[in-house]
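Fold and geometry: a report
Given next are the chains, with one letter for each unit.
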Amino acid sequence: MPELLLICVLLIPQTVAGILAKSMGRSFFFWFFISFLIPIISLIVLLFLDDKGESGGYELADHVTKRDNIS
């Protein structure tokens, strides 16, 4: 039983990194597995990365219409 508790405690940084990455628009599983290799450093790197949400990305040129405007 103590082994199960230890495993759960050791998975906390990986789970936190995955949830934080998902909230920032990044891959949950990628950051979850990266956090196995470098647990605390991956969290620090993730905190300094920009959000990939709807506001991020490239801006379309003037002659390109967005999908919402196509009728």
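Scroll up a little and you will see the structure.
First things first, this report covers the structure right here in the doc. (Residues numbered from 1 in each chain as written. Predicted model: local features only at pLDDT ≥ 70, side-chain atom pairs only at ≥ 80, totals over all residues. Heavy atoms only, no water.)

A word on the side chain of glutamine 14
As a reminder, the rule being used: Strands here are runs of E lasting at least two residues and helices are runs of H or I lasting at least four, both read from the DSSP assignment and numbered beginning at the N terminus. Here a polar contact is recorded for every N or O atom pair within 3.5 Å, except that within protein the pair must consist of a potential hydrogen donor and a potential acceptor, and residues adjacent in sequence are included only if both atoms are side-chain atoms. Here, two residues are considered to be in contact whenever any of their heavy atoms come within 4.5 Å of each other.
Residue placement: glutamine 14 occurs in helix α2 (residues 12-23). A polar contact is formed between the side chain of glutamine 14 and the backbone oxygen of serine 35, at a distance of 3.3 Å. Beyond its immediate sequence surroundings of up to four residues, glutamine 14 is in contact with Phe32, Ser35, Phe36 and Pro39.

Brief notes about a nonpolar patch on the surface
The condition that has to hold: Patch definition: residues with relative accessible area over 30% and no salt bridge; like charges joined within 9 Å; nonpolar side chains (Val, Leu, Ile, Met, Phe, Trp, Tyr) joined within 5 Å. Exposure was quantified through the Shrake-Rupley algorithm and a 1.4 Å probe, taking into account, for residues, occlusion by the shown protein chains and nothing else. Note on definitions: salt bridges are taken to be side-chain nitrogens of Lys or Arg within 4 Å of carboxyl oxygens of Asp or Glu.
A surface patch of nonpolar side chains, about 790 Å² in accessible area, is lined by Phe29, Phe33, Phe36, Leu37, Ile38, Ile41, Val45 and Leu49. The set of elements that each furnish at least two residues to the nonpolar patch consists of α3 (28-37) and α4 (39-48). Examining the composition of the nonpolar patch, we find that four residues originate from one element, α3, more than from any other. With respect to the helices and strands, the residue leucine 49 is situated in the segment after α4.

Let's talk about α3
The cut-off we apply is this: Each residue is assigned to one of three classes by its accessible area relative to the maximum for its type, calculated with a 1.4 Å probe on protein chains only: buried under 20%, partly exposed between the two thresholds, exposed over 50%. This arc describes the spread of directions from the helix axis toward the C-beta atoms.
For α3, the full list of buried residues reads Trp31, Phe32 and Ser35. For α3, the angular spread of the buried residues around the axis is 105°, confining them to a single face. Turned more than 90 degrees away from the buried face of α3 sit Phe29 and Leu37, all of them exposed. Buried positions along α3 lie against α2 and α4.

Topic: the packing of aromatic side chains
Convention followed: Pairing of aromatic side chains here covers Phe, Tyr and the six-membered ring of Trp, requires ring centres within 6.5 Å, and sorts the geometry by plane angle: under 30 degrees stacked, over 60 edge-to-face, intermediate tilted.
This model, assessed by the stated rule, comprises six aromatic pairs. With a centroid separation of 5.2 Å and 90° between ring planes, the pair formed by phenylalanine 28 and phenylalanine 29 is classed as edge-to-face. Looking at phenylalanine 28, the relative accessible area reads 24%, which means it is partly exposed. Seen in terms of ring centroids, phenylalanine 33 and phenylalanine 36 are 6.3 Å apart; in terms of plane orientation they differ by 25°. Their pairing is stacked. Of the two residues, phenylalanine 33 and phenylalanine 36 both sit in helix α3, three residues apart, roughly one turn of that helix. Taking the relative accessible area as the measure of exposure, phenylalanine 36 reaches 41% and is therefore partly exposed. An aromatic cluster is built from Phe28, Phe29, Phe32, Phe33 and Phe36, whose rings are joined through pairwise contacts.

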